[in-house]
Amino acid sequence: MKENIQIRDAVPFNFGKNLKKALAIAAAIGLIALLWGIFISQAPASRIWANMWMNALMFLFLGLGALFFWAVNALGESTWQINIQRILEAMALTIPFSLILFVVTFPGLGHIFEWTHTEHLDRILQEKTPYLNIPFWILRMVIYFALWSFFAIYLRRVSVRNDFEPREDYLRRIRNTSGWFIVIFAITSSTSAWDWLMSIDAHWFSTLYGWYIFSSLFVSALAVIIIITVALRHYNILPNVTSEHLHDLGKYLFGFSIFWTYLWFSQYMLIWYSNIPEETFYYVERVRHFKTLFYLNVGLNFLVPLLALMTRNSKRQPLFLAGVSIVVLMGHYLDLYLAIMPGAVGHEAAAIGVLEIGLPFFYIAAFLAVFFVFFGKAKPVPENHPYFIESSSYENI
Amino acid sequence: MHVSPVREPLITGAKSYKDITNDVMAPVKAKPGKLWYIGITVSALLMVFGFIMIGYTVWFGIGTWGADRTIGWGWDITNFVWWVGIGHAGTFISAILLLFRQKWRTSINRAAEAMTIIAVMCAGLFPLIHMGRLPLGFYILPYPNSRDLWVNFNSPLLWDVFAITTYLLVSILFWYMGLIPDLGTIRDRMKTAWKKKTYNLLSFGWKGSARHWHRHESMSLILAGLAAPLVLSVHTIVSFDFATSVIPGWHTTIFPPYFVSGAVFSGFAMVLTLMIVTRKALNLEDYITVGHVESMNKIIIATGSIVGIAYITELFMAWYSGVEYERYAFMNRMMGPYAWAYWIMMTCNVISPQLLWIKKLRRSLTFTFILSIFINIGMWFERFVIVVTSLHRDYLPSSWSMYAPTWVEVAIFLGTLGLFFTLFFLFIRVFPVIALSEVKAVARSSAESFIEKPVKVKPSEEPHI
Amino acid sequence: MKSIVYGYFTDENDLLEAVKKLQDDGIRIEDVRTPFPVHGLDAILKLPRSGLPKVAFIAGLAGGVLALWFQIWVFTSAWPLVIGGKPYLSLPAFIPVTFEVTVLFAAFAMVIVFLVRSNLGPGSVPDILDEEVTDDHFQIILSEKHNKLSDTELVNALASTGALGVQNINTGK
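It should be emphasised that the depicted structure is a prediction, and the values quoted were computed from it without experimental measurement.

1. Some points on the overall build of chain C
In terms of regular secondary structure, chain C is built from five helices and four strands. Along chain C, helices and strands appear, N-terminal first, in the series β-α-β-α-α-α-β-α-β. For a compact globule of 173 residues, the expected C-alpha radius of gyration is about 16 Å, and chain C comes in at 25 Å, more than 25% above that figure. Along the first, second and third principal axes, the C-alpha atoms of chain C reach 80 × 30 × 30 Å. Taking the contacts inside chain C whose residues are at least 6 apart along the sequence as the reference set, 76% of them involve residues at least 24 apart.

So, in C-alpha cells, the structure goes:
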C-alpha cells in the first residue's frame, strides 16, 4: 500500500518567563480570592475549608483522569493518542503534588465531615465508625496516593527511558503495568469517592456514587487534555496533532458527557422513584435549596456537549472544541460544588461568590506549573514508540 | 493509513479478495454436512417441545409454574434478563467497536448481530407469556381504544416494552443494512436462477455504486452512534425493573451500569461459544483468529471485573448503610437457603474470568470455550440470585417463602435454547457469517499476506451449485 | 444511440489513480462500483456529503418531542392518575420512553431515506454490468450521454488508465 507519511519535527518546549508570569498572576488572583473570602466576605469557616477541599479534589481528578486515560488506551492497544502521550504523562505526575493540597486542608476536616465529631454521633453514624474514623481514613488516603503516584511515576519512567534506549518488551511492560493500575484504580476511585465526598453526607449512601464521581473525574480530565492540546498545538509544539486527534478527543468528551448524564439520571431517578426518605433527603436538600444550580449542572454537563459537539465539524475546530471544554470543565466544578457544599456548608451559608470563582485560579495555576515543569523535562512526543507513526498518519471515519 | 508492523494480522494465510469471497461463501453454497442436520434437528425438537409447553401454560395458566406469593418472578424473568443480556454483545461489537475503530470486529460482527436478534426474540417471549393471557398481549401497546385507557408510562415494565421493541427493530435494521452488500455478492456468485432471484430480492438490488457506498457508510456510522446508547439504555431499563422497587437487593443505584457490564460480559461469552465452534465447522479459522479470541477475552475480563467490583460495592454498601434489611439481604444470599446459587455465581463470574489475565489462557481456544460456558452459567445464576433471593425474603418474615421451578418452566427455557440454535443454524446456511465487504476493506492493511491473485483452486474443489 | 463504456481494476489504488486521471482530463464519470467502500474515493469523486445525518437528527427530534408530549398529555390531560405518589407531570419517569422513541424514529427514517434515495428495495432490479464487482473488481463506468467525447475516445481514455476488460455497449438510451 502506498504510504505518504510526513512526520513533522516538534518545536522544543520551554517553560519560559512569560508563561511563568501568567501562572504567578493567576495564583495571586486565587490567593486574593481566598483572603477576600476570609476577611471581606467573612465567610464561615466551613465554606472556606469546603472550597479548599473542592479545589484540591479537582486538582487530583485532572491528573488521575489523565493517568486512567493513558492506562486504558495502553491496554486497548490504541495508537492515536500517542501524539498526546506526554501531555497525559505530565498531567499524571501532578498526582503526588495534590497530596500537599489535601494535607493543607486537614485543619478544616472537622468543618467538612460531621462524622469526625466523635463526641456526639447519632446511632447511624456510630454504626459507621469502623470505616469512618480519622486514623483509618488517613491510612486509606496515604495508600491511595502511594499507589497512584507509584504508577504515574513508574509508567513515566518506562516511557521516557524508551526515548533513549528503545526496548523490545516496551509495549508489554506498559500494558502489564496499566493492567495492574486499572484494577487498583477501579477499586480505589470508588473507595476514595466514598471517603472524600459521599461521607460528607454521612447519613446517605448510594452504590452508584463511586462510578458517578469517576465519570465526572474523567470528563474533567478530558476537558483539560483538550484545552492543553489545543494550546500546545497553537504554538506548534505538537505539529503532528491534527484535526483527527481533536476529533477523537471531542468524541470522548461527547460520549463521556452523555455517560455522566446517564449515571446522574440513574442515581436521581431511582432515588426519586422509590421515594425512600433515608435516601431522598440528599436530593430534596439540593432541589429545594440549590434549585438553579442543580438544573444548571445538568444543562452545562449534558445539553452543552450534546448539542455543541454533535456534528462532525464541531469536533475538528480547535477553538470551538476548547471553548466547549472550558464550559464543560466549569460544569464539573459545579457538580463537585453540589456534591460538597449542601452537606458541608448548608444552604444558608453556601454561595457562589468571589471565593468560589477566584480560588480555582490558584489551583489551576499550581496544576499547570507542575504540568509544564514535567512536560518540559521530556521530549514532547515519544518518537520511539512503536505506534508513533500510526498515530501521526491516521484518518478519522 | 499506516498500520504498525507490531500489530497482529487480522487475517492469516495468503488471501486475495476472491479468496475471502470464496471462503465466506462456501457454507452458503455447499450442501450442509451431517453435523448440521443433527444440530438443527435436536434444536428444532427442543424448540417445538418448548412451544408446546408455552401453549400448555397459556391454556392452563401461570399456576403450572412455580411462581407464587411472594415470589412472583422466578425462572421466567431470570431467563428474560439472561437472554437480553446475551443479545447485547452483538450491538456492542457492531456499534461500539465501530466507533472505537477496532478493525478486528469485522470478522465477527455479522454473526454476533444475528445472535443478538435471535437472543432478543427469545428474551421477548418471556414478558409476553409471563403475563398469563397471551392473546391479550397487545394491551401493553399504547393504542387508542374505546375505554380511553392508556398504558402506564410511569412503570419500568412499560419502558421495557418500548426498549425491547426498539432494540429488536433497530438491531434488525443495523444487521440487515450491513448485510445488503454481502447479499449482493452472494447473488452474483449464484448460478441457479431461483437462487439468484431470491438473493437479488434480499439484497435490494445492490450494485456497489460509489454513491450508494458513501451513503451506506454515513448511515452505518449514524446507526452505530444510535445503537451504542441504545444498547446501554435497554439493559439499563431492564435493570430499572428491579431498581425502582423498594426491596433490599433490588433497590440500589448501581444496577444500571452493572447490568450493562454484565450483559456485555455474558454476551461476549456466548459469542465466543458460538464462534469457536463456527470457525472450525465452517473453515473460517483464517478470519476468526486467535487474536480475535484474545481481544474478545480482554473485553470479558474488563466487564467481568466491573461486575465483580459491583458485587463488592453492593456488599460494602449494605454494611455501610446501616440498614438491617439491606444487611440481612446480603447475609441471606451468602448463607441462606439459596447460598448454593450465590456461590456458583461468584465462582463463575468473579473468580474464573480473572484467569484471563494470563496471556496463555487468553489465547487458548479450549480454555476460552470452557470458560465461556461457565460464564453464561454464572450469569444465569446471577439473575436467579437477584430475582429470587431478594423476593423470597424481604421486609416481613411472615411473608418469607421458597421457590422452585416446575418442569414446565424448565421446558420453556430449553425451548428457547432450541429456538436460538435453530435460527442460528439456519442463519449460517443462508447468510454469510462474516461481513464480506468489511473484511475486504481491512484486508490490504491488516492481512498477514495479502495477494492480488487468488490461491489456485483445484478443479475438484470448485463449488457447484 | 448512446454507449456505456466500462472497465475494471483489481487494485483499489490503481482505481483511485485512474479516477483522478480521468477527472483531470475532464471526463465525467458515470459511476464507480466497488466490492467495498474505498477510502478516499468519495473525496476524489467530489461526492456531496450525505444528508442522512440531518435526516436522523430531525426525525429523532420529532420522535422525542412526540413521545414526551404524548406521555405528558396522557398523564396530565387524558386520564391523570397518581402512580406511586408522584405528581401527574412526573418527568423523570417519562425520559426512558422518550429516549427509545427518539432512537426508533431516527433509525427508521434514515434507513427509509437511504433506500429510497439509492433506489434500493425488494424488487429493485440493478443494472449489473460486471458480476465480479461484488467480488474483487473495481469498476469505472463512463457514459457517452454525459461526455462530449465519442465512445471510441472514451474507450481509449479508459484503456490508457490501465483498466482491464474495457467494453463498449450500446444501450440505446
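There is more to say, and it comes next.
2. Some words on the overall build of chain B
Within chain B, the secondary structure is distributed over 15 helices and two strands. Against the globule reference of 23 Å for 465 residues, chain B gives a C-alpha radius of gyration of 23 Å, in line with a compact fold. Along the first, second and third principal axes, the C-alpha atoms of chain B reach 75 × 55 × 40 Å. Here chain B holds 465 residues, and 56% of them are scored as buried. Partitioning the contacts of chain B with sequence separation of at least 6, the portion at a separation of at least 24 is 84%.

3. A few points about the pairing of strand S1 (residues 3–9) of chain C
Residue and element names in this part refer to chain C. With seven of seven residues buried, S1 is to be regarded as a mostly interior element. The two faces of S1 match: Ser-3, Val-5, Gly-7 and Phe-9 on one face and Ile-4, Tyr-6 and Tyr-8 on the other face are all buried. Taken together, the six bridges between S1 and strand S3 (residues 138–143) define a ladder with antiparallel strand orientation. Each bridged residue has a counterpart across the sheet, and for Gly-7 the counterpart in S3 is Ile-140.

4. A few points about the packing of helix H2 (residues 34–60) of chain B against helix H14 (residues 407–430) of chain B
Residue and element names in this part refer to chain B. With their axes 6 Å apart at the nearest point, H2 and H14 run at an angle of 140° to one another. In terms of orientation, H2 lies oblique with respect to H14. H2 and H14 meet at a crossing whose hand is left-handed. Looking at side-chain class alone, the contact of H2 with H14 contains 19 nonpolar, eight polar and no charged residues.

5. A short note on the sheet that holds strand S2 (residues 29–33) of chain C
Two pairing modes exist for strands in a sheet, parallel and antiparallel, and in both the strands are linked by backbone hydrogen bonds. All names here are of chain C. The antiparallel open sheet is built from four strands, whose spatial order is S2-S3-S1-S4. Lying at the two open borders of the sheet, with one neighbouring strand each, are S2 and strand S4 (164–170). Taken over all neighbouring pairs, the strand axes of this sheet differ in orientation by 15° on average, direction set aside.

6. Examining the nonpolar core
One recurring pattern in soluble globular proteins: nonpolar side chains tend to sit buried together. Counting 286 residues, the largest nonpolar core has Leu-67, Leu-222, Leu-253 and Ile-340 of chain A, Val-271 of chain B together with Met-110 of chain C as the members making the most contacts within it. It is helix H2 (residues 45–75) of chain A that provides the largest number of residues to this core, a total of 21 residues. With residues near it in sequence (within four places) discarded, Val-271 of chain B still touches Ala-89, Ile-108, Ala-112, Met-115 and Met-296 of chain B. Within the second largest apolar cluster, 23 residues are counted, among which are Ala-18, Val-32, Phe-138 and Leu-142 of chain C.

7. Remarks on the confidence of the model for chain C
Low pLDDT means the predicted atomic positions in that stretch should not be read closely. Residues and elements named next belong to chain C. The predicted model of chain C has a mean per-residue pLDDT of 91, with 98% of residues at 70 or higher. Looking over chain C, one finds the lowest element-wise mean pLDDT in S4, namely 86, and the highest in helix H4 (residues 91–117), namely 97. Both scores are available for the predicted complex, with the pTM at 0.95 and the ipTM at 0.94.

8. Points about the interface of chain A and chain B
Across the contact, 38 residues belong to chain A and 31 residues belong to chain B. When contributions to the side of chain A that touches chain B are tallied by element, the ones reaching two or more residues are helix H6 (123–127), helix H8 (170–196), helix H9 (209–234), helix H10 (243–274) and helix H15 (388–392) of chain A. At nine residues, the largest contribution of residues to the side of chain A that touches chain B is made by H10 of chain A. Looking at the side of chain A that touches chain B, its residues break down into 23 nonpolar, 10 polar and five charged.

9. A short note on the interface of chain B and chain C
Opposite the 46 residues of chain B that make contact, chain C presents 56 residues. Elements that contribute at least two residues to the side of chain B that touches chain C include exactly helix H1 (17–29), helix H5 (156–189), helix H7 (210–243) and helix H15 (436–446) of chain B. Ranked by residue count, the leading element in the side of chain B that touches chain C is H7 of chain B, at 15 residues. Tallied by class, the residues present in the side of chain B that touches chain C amount to 22 nonpolar, 15 polar and nine charged.

10. Points about the packing of H1 of chain B against H15 of chain B
Between two packed helices, the angle of one axis relative to the other and the distance separating the axes together describe the packing. All names here are of chain B. The contact between H1 and H15 brings their axes to 10 Å, and the two run at 150°. Comparing their axes, H15 and H1 come out roughly antiparallel. The handedness of the crossing between H1 and H15 is right-handed. On H15, the residues touching Tyr-17, Ile-20, Thr-21 and Val-24 of H1 are Leu-436, Val-439, Lys-440 and Ala-443. Along the lines of polarity and charge, the residues of the contact of H1 with H15 split into six nonpolar, one polar and one charged.

11. Some remarks on helix H4 (residues 95–104) of chain A
Side chains three or four residues apart in an α-helix point the same way, a direct result of the helix having 3.6 residues per turn. Residue and element names in this part refer to chain A. For H4, every residue scored as buried is listed here: Ile-95, Ser-98 and Leu-101. One side of H4 holds all its buried residues, which, seen down the axis, span an arc of 90°. Seen from the buried face of H4, the exposed residues on the opposite side, beyond 90 degrees, are Ile-100 and Val-104. Where H4 is buried, its residues contact H2, helix H3 (85–92) and helix H7 (134–164).

Reading guide: rules and limits
Residues numbered from 1 in each chain as written. Chains lettered and ligands numbered in written order. Predicted model: local features only at pLDDT ≥ 70, side-chain atom pairs only at ≥ 80, totals over all residues. Helix = DSSP H or I, 4+ residues; strand = E, 2+ residues; numbered from the N terminus. Rg over C-alpha atoms; globule rule 2.2 N^0.38 Å. Contact = placed C-beta atoms within 7 Å. Buried ≥ 20, exposed ≤ 12 C-beta atoms within 10 Å, placed from the backbone. Pairing = 2+ DSSP bridges. Axes fitted to C-alpha atoms, helices over the stretch in contact; angles between N-to-C directions. Parallel < 35°, antiparallel > 145°, perpendicular 65-115°, else oblique. Left-handed = near helix turned anticlockwise from the far one by under 90°. Nonpolar A, V, L, I, M, F, W, Y, C, P; charged D, E, K, R; others polar. Core = buried A, V, L, I, M, F, W, Y, C linked by C-beta atoms within 7 Å. pLDDT = per-residue confidence, 0-100. Arc of directions from axis to C-beta.

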